Amino acid sequence: MNAHDAFDGEDQGAQVIPLRAMSAEPAERNPVERTIASGLSFLRRRLAGDYEVDEFGFDQDFSEALMPIPRAFYEHWFRTELRGLENIPAQGGALIVANHSGTLPVDALMLQVGVHDYAHRNLRLLGADLVYQVPMLGHLSRKAGHTLACQADAERLLQKGELVGVFPEGFKGVGKPYSKRYKLQRFGRGGFVATALKAGIPIIPCAIVGAEEIYPKIADLRPLARLFGFPYFPITPTWPLFGPLGLIPLPSKWMIQFGEPVDLEEYDADAAEDPMTVFNLTDQVRETIQQMLYDTLLRRGPAFF
Amino acid sequence: MPAARIVLVTGVSRFLGARVANALQADPGIERVIGVDTVPPTTSLGRTEFVRVDIRTPSIAKVIASAEVDTVVHLNLVTAPSGSRASMKELNVIGTMQLLAACQRSPDMRKLVVRSSAAVYGSSPCDPAVFTEEDEPVEAPSSGYAKDAVEVEGYVRGLKRRRSDLTVSILRFANFLGAGVDSPLTRYFRMPVVPTVLGFDPRLQFVHEDDGIEVLRRMTVEDHPGTFNVAGDGVLVLSQALRRAGRPTVPVPSPAMGLLGDVGKRLGGLPGFSAELLRWLTYGRVVDVERLEHELRWRPKYSSEAAFAEFVHANGLGQNLVVDLVDRLSGAVTSGGRW
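Draft legend 1. Spatial organisation of the overall build of chain B. Helix and strand counts for chain B come out as 12 helices and 13 strands. Here chain B has a C-alpha radius of gyration of 21 Å; the compact-globule value for 339 residues is 20 Å, and the two agree. With the C-alpha coordinates of chain B rotated into their principal frame, the extents come out at 75 × 45 × 40 Å. Here chain B holds 339 residues, and 47% of them are scored as buried. Taking the intrachain contacts of chain B between residues at least 6 apart in sequence as the baseline, contacts between residues at least 24 apart amount to 80%.

Here it is, written out as C-alpha cells:
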C-alpha cells in the first residue's frame, strides 16, 4: 500500500535495516538486546502510525502491548484459576455471558486476559454507554477491542465470527452492595438472547468468582454520584478513606468457570421475535450462571487465602 | 429505460462538479453535458456547456425544460463554510428545493443522482460502531451542512414519492481526500500544529476523489436506485493518521477547541472548526459500504488508509523526525556497530 511504500522509502533514506525482518530472524542475541530491539520496533510502529485498526477501533498491536499489566493482576494478585476452557470454540462466533461485579469492571479485563492467554482468542466485550462518553476511557476501550453494547454492534461482531462477551446485569451488577454478593441481578431485557438467536450462535455461560471482594461496596453516596454523573459513588473500607491507595483492589482469590454452551440450534432466527422464548432462555441462562456461581464459590473456599 | 442522454451537473465550478462533468463528457453515450453554477468555472470544462444560473431561482427550471434534460447530477452541497452560514444554507436547501421543483415539472426527467454526506448520521458517543443505510442517527445533526444534507435528503425523498417513475440515487459520502481536494479537513491536517480533542481518538473514514467520481459516473450512466454509503474500506484513528502524516499535535480540552478554532480563524487565516467537524473529531463515524459494493459489483480502489496516504504524499507531509530518531537509535542497537 502507498503508506507503507512511503515509509519503507524513508527507511532506506535513513540507511536502516528494517526492524521487523531483523527480529524475525533467529539471531543469536542476548535477551536484553532482543527486548530493546522489539521495544524499539514497537515504538517505531506506534510513532509512525504503522498498525491496523479494525472498524470497531480494535488496535491489537496496542492492546497486546498493554496486556502485561492486567496479566500481572490476573496471575499474581488474583491467582486466577480458569476452568471449562473446552466450552469455548476455537473459532467462529459465540457469546460469553458472565456475571458482573466488583464496583469497577475489573472482571471484564480479567476475563479478557484469561480468554486471550488460555483460549487464544480476542474477547470482544460490549460496554456501557457511559464508557464512551468519558474522555480517555472511550477510546482506550475501543482500542482494547470493546464496543458499545447495542444490538447492531453485537450482531456485526458475531457475523464476523468474533467471540463476544457481555455482562447483562450492567451497572446493577457491578455496582451492587457487598451484602448482595454473588446474587445475580436482573439480566437486562434479554437483548443478548435475541442477538444470539438472530446470529445462530451458542451462548456460553460464565461465572466469575472473586471480583465481588476486590472493592467491597458498603455504602453509596447518591448526591456525589449525581454530581459527577456516575451511576453510583461507592464507599469501600479503603475508599475514599485512604485516597488513591483505596483504588488498589483487595487480593481476593479468583475463579473463572465456563459452562456448557446453551445450544440454540433448535430455535430458528424467528424465535428472536418471540418475547416468550427470549424471556425463557434469558431465565435459563441466568439460572445456569447462578448455579455455577454457587458451585464455584464452594470450590474456592475462603475469599482471600 | 433509455440511458442518460442529456445530463445536467450542478455545482460544476467546484472541484467535484468539474471532475464529474469531465468524466461524463468522455462517455460517447451522453449527448450533452450541461454544467450550472453561480460562478464561472476556473478550469476548462471541455465539451461541457456551462450555464451561469443560480439554482436558488426558478430560472433553473427554464434550463432543464429547454435543454430537455433527462438526468440531473446534484453536486451542489456546500460542505465548506466560505461565507455566512445563512448563505450556505440558502444555497444547500433552497437551491435543492428549486432544483427539485424543476425536476418534478419536467416530463423528460428520468434520473436524479444526489451527493449527500455521511454526516447525516451525526456523531455521538452512543452511535453504533458502523452505520448502515437503514440506521437512523442517534443524535441527529443540529447544525451546519450536516443538517442541510438531512433536509436535502428529505426533499429528495419527497420528490421520489411524487414522481415514482424517477430513478433516484442518494450517495452519502465519507470525507473526500486525495491530491486535488481542498476542504476544511485537508486544511485541518495541514495546520502547523494540529489540535486534537483531549481524551478522544475518533475512528475516521475517507473516500478518494477518484473513487467518488467513479461512483457518481456509474450512478449516472447506470441505474442504481437507492441510498448508498460511499467510503474507502477500513478505518484510521485520528492519532494514527496524524502520526502517518508526521504532524505535531496538541491535545486541547473540547470546550477550548472551538475557541481555538475561532481565534486561529480570526488571526491566522486558519480553517476554524465548525460544530459538526468538531463532533466528528471527537466521536468519529464509520459507515458500512457493503450495499454499494454489492450493487456496483465494484470496490473503491483506495482504502481509507490509501486515500490518506495519497493525501500525505501529495502535500509533502509524512516527515516524522521522531521516527527517524528512533530508526537511528535502533540501527545503532541492532547492527551493533556494523555501520
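On we go from here.
Draft legend 2. View of the interface of chain B and chain A. Taken residue by residue, the interface counts 37 residues in chain B and 37 residues in chain A. Those elements giving two or more residues to the side of chain B that touches chain A turn out to be strand 12 (236–237), helix 7 (238–244), helix 11 (304–314) and helix 12 (321–335) of chain B.

Draft legend 3. Representation of the packing of helix 5 (residues 68–77) of chain A against helix 6 (residues 106–118) of chain A. All names here are of chain A. Two numbers describe how helix 5 lies on helix 6: the axes approach to 9 Å, and their chain directions differ by 90 degrees. When the axes of helix 5 and helix 6 are compared, the pair comes out roughly perpendicular. Taken together, the residues of helix 6 that come into contact with helix 5 (itself represented by Pro 70, Arg 71 and Tyr 74) are Leu 109, Met 110, Val 113, Gly 114 and Asp 117. Residues that form the contact of helix 5 with helix 6 fall into these classes: 5 nonpolar, 1 polar and 2 charged.

Draft legend 4. Representation of the confidence of the model for chain A. All names here are of chain A. Per-residue confidence for chain A gives a mean pLDDT of 89, with 90% of residues at or over 70. In this model, residues 1–14 is a region of pLDDT below 50 whose contacts with residues beyond four sequence positions or in other chains number 22 contacts. Low pLDDT (under 50) marks residues 21–25, which in the prediction has 7 contacts with non-local residues, meaning those over four places away or in another chain.

Draft legend 5. Spotlight on helix 3 (residues 31–48) of chain A. Residue and element names in this part refer to chain A. Between its first and last C-alpha atoms helix 3 spans 25 Å; for 18 residues at 1.5 Å apiece the expected length is 26 Å, and the two agree. Looking only at helix 3, the buried set comprises Leu 40, Arg 44 and Ala 48. Here the buried residues of helix 3 occupy an arc of 55 degrees about the axis, which is enough to place them on one side. Away from its buried face, by an angle of more than 90 degrees, helix 3 presents the exposed residues Pro 31, Val 32 and Thr 35. Just downstream of helix 3 lies Gly 49, where phi reads positive at about 70 degrees.

Draft legend 6. Molecular detail of the packing of helix 2 (residues 59–66) of chain B against helix 3 (residues 85–105) of chain B. Residues and elements named next belong to chain B. Taken N-terminus to C-terminus, the directions of helix 2 and helix 3 make an angle of 35 degrees; their axes are 9 Å apart at the nearest point. As for how helix 2 packs across helix 3, the hand of that crossing is right-handed. Contact residues: Ile 60, Ala 61 and Ile 64 in helix 2; Gln 98, Leu 99, Ala 102, Cys 103 and Arg 105 in helix 3. By residue class, the composition of the contact of helix 2 with helix 3 is 6 nonpolar, 1 polar and 1 charged.

Draft legend 7. Layout of the environment of Val 106 of chain A. As for its position among the elements, Val 106 of chain A is in helix 6. Not counting residues within four places of it along the chain, the set of residues in contact with Val 106 of chain A comprises Ala 211, Ile 214 and Pro 249 of chain A.

Draft legend 8. Region of the structure containing the sheet that holds strand 1 (residues 81–83) of chain A. Residue and element names in this part refer to chain A. What the 7 strands build is an open sheet, ordered 1-9-6-2-5-3-4; its pairing is mixed. Here the strands that pair on one side only, and so sit at the sheet edges, are strand 1 and strand 4 (147–148). Sheet analysis places strand 1 next to strand 9 (residues 255–258), joined by 3 bridges and oriented parallel. Looking at strand 9, one finds that Leu 82 is bridged to Ile 256. Sitting on the sheet, helix 6 is in contact with strand 1, strand 2 (94–98), strand 3 (123–127), strand 5 (163–166), strand 6 (203–209) and strand 9, with an inclination near 165 degrees to strand 3. Across the sheet, helix 13 (residues 275–300) touches strand 2, strand 6 and strand 9, and the angle it forms with strand 6 is around 35 degrees.

Draft legend 9. Just the pairing of strand 6 (residues 167–173) of chain B, in detail. All names here are of chain B. For strand 6, a buried count of 5 out of 7 residues is recorded, marking the element as mostly surrounded by other parts of the structure. This β-α-β element, strand 5 (residues 111–117) to helix 4 (residues 144–162) to strand 6, shows right-handed connectivity. Alignment of strand 6 against strand 11 (residues 226–230), held across 5 bridges, turns out to be parallel. Within strand 11, the residue paired with Arg 172 across the bridge is Asn 229.

Draft legend 10. Examining unusual backbone geometry more closely. Each neighbour pair has its own omega, and for Trp 239 of chain A with Pro 240 of chain A the value is 0 degrees, a cis peptide bond. Note that Pro 240 of chain A resides in the loop between strand 8 (234–235) and strand 9. Of note, Tyr 182 of chain A is a non-glycine position whose phi angle comes to about 65 degrees, a positive value. The phi torsion at Glu 68 of chain B lies on the positive side, around 55 degrees, for a residue other than glycine. Note on Glu 68 of chain B: 14 C-beta atoms within 10 Å, which makes it partly exposed.

Draft legend 11. Focus on the sheet that holds strand 2 (residues 32–37) of chain B. Residue and element names in this part refer to chain B. On the basis of which strands lie adjacent, the open sheet formed by 7 strands has the order 3-2-1-4-5-6-11 and parallel pairing. Each of the sheet's edge strands pairs with one partner strand only, and the pair in question is strand 3 (49–52) and strand 11. Ignoring which end each strand starts from, the neighbouring axes of this sheet average 20 degrees apart. Sheet analysis places strand 5 next to strand 6, joined by 7 bridges and oriented parallel. Residue pairing in the sheet places Ser 117 in a bridge with Phe 173 of strand 6. Most of the contacts of helix 4 go to strand 5, to which it runs at about 160 degrees, and overall it touches strand 5 and strand 6.

Draft legend 12. Broad picture of the environment of Phe 279 of chain A. Turning to its location among the elements, Phe 279 of chain A is positioned in helix 13. Exposure remark for Phe 279 of chain A: the 14 C-beta atoms within 10 Å place this residue in the partly exposed category.

Draft legend 13. Spatial organisation of helix 13 of chain A. Residues and elements named next belong to chain A. Here helix 13 is 26 residues long and its end C-alpha atoms lie 37 Å apart, about the 38 Å a rise of 1.5 Å per residue gives. Residues of helix 13 that are buried in the fold lie against strand 2, helix 11 (191–199), strand 6 and strand 9. A positive phi of about 80 degrees marks Gly 301, the residue just after helix 13.

Draft legend 14. Spatial organisation of the nonpolar core. The biggest cluster of nonpolar side chains holds 147 residues, and the ones touching the most others in it are Leu 95 and Val 97 of chain A together with Val 230 of chain B. Once you skip the residues sitting within four places of it in the chain, Leu 95 of chain A turns out to touch Leu 158, Val 164, Val 166, Phe 192, Ala 196, Ile 201, Ile 203 and Ile 204 of chain A.

Draft legend 15. Inspection of the environment of Ala 309 of chain B at higher detail. Topologically, Ala 309 of chain B is positioned in helix 11. Sequence separation of Ala 309 of chain B and Leu 177 of chain B is 132 residues, and the distance between their C-alpha atoms is 9.4 Å.

The rules behind each value
Residue positions are counted from 1 within each chain, in the order its sequence is given. Chain letters start at A and ligand numbers start at 1, both assigned in the order the entries are written. For a predicted model such as this one, the threshold for reporting local features is a pLDDT of at least 70, and the threshold for listing and counting side-chain atom pairs is 80 or more; totals across whole chains, interfaces and linings nevertheless cover every residue. Strands here mean DSSP runs of E at least two residues long; helices mean DSSP runs of H or I at least four residues long; both are numbered from the N terminus. Put simply, the radius of gyration uses C-alpha atoms, and a globule should come to 2.2 Å times the residue count raised to 0.38. Partly exposed residues are those whose C-beta has more than 12 but fewer than 20 other C-beta atoms within 10 Å; 20 or more makes a residue buried and 12 or fewer makes it exposed, with C-beta atoms placed from the backbone. Contact between two residues is assigned when their C-beta atoms, built from the backbone, lie within 7 Å. Whenever a helix is involved, its axis is fitted only over the stretch in contact; in every case the axis is a line through C-alpha atoms, and angles between N-to-C directions fall within 0 to 180 degrees. Here the angle decides the label: under 35 degrees means roughly parallel, over 145 means roughly antiparallel, 65 to 115 means roughly perpendicular, and every other value means oblique. For this classification, Asp, Glu, Lys and Arg are treated as charged, while Ala, Val, Leu, Ile, Met, Phe, Trp, Tyr, Cys and Pro are nonpolar and the rest, including Gly, are polar. Predictor confidence is given residue by residue as pLDDT, running from a minimum of 0 to a maximum of 100. Here a helix's expected span is defined as the number of its residues, less one, multiplied by 1.5 Å. This arc describes the spread of directions from the helix axis toward the C-beta atoms. By definition, turning the near helix anticlockwise from the far helix through less than a right angle yields a left-handed crossing, and turning it clockwise yields a right-handed one. The criterion for strand pairing is that DSSP finds at least two bridges linking the strands in question. When the strands point away from the viewer and the connection leading from the first strand across the helix to the second strand turns clockwise, the crossover is called right-handed. A set of buried residues drawn from Ala, Val, Leu, Ile, Met, Phe, Trp, Tyr and Cys, joined through C-beta atoms within 7 Å, is what defines a nonpolar core.

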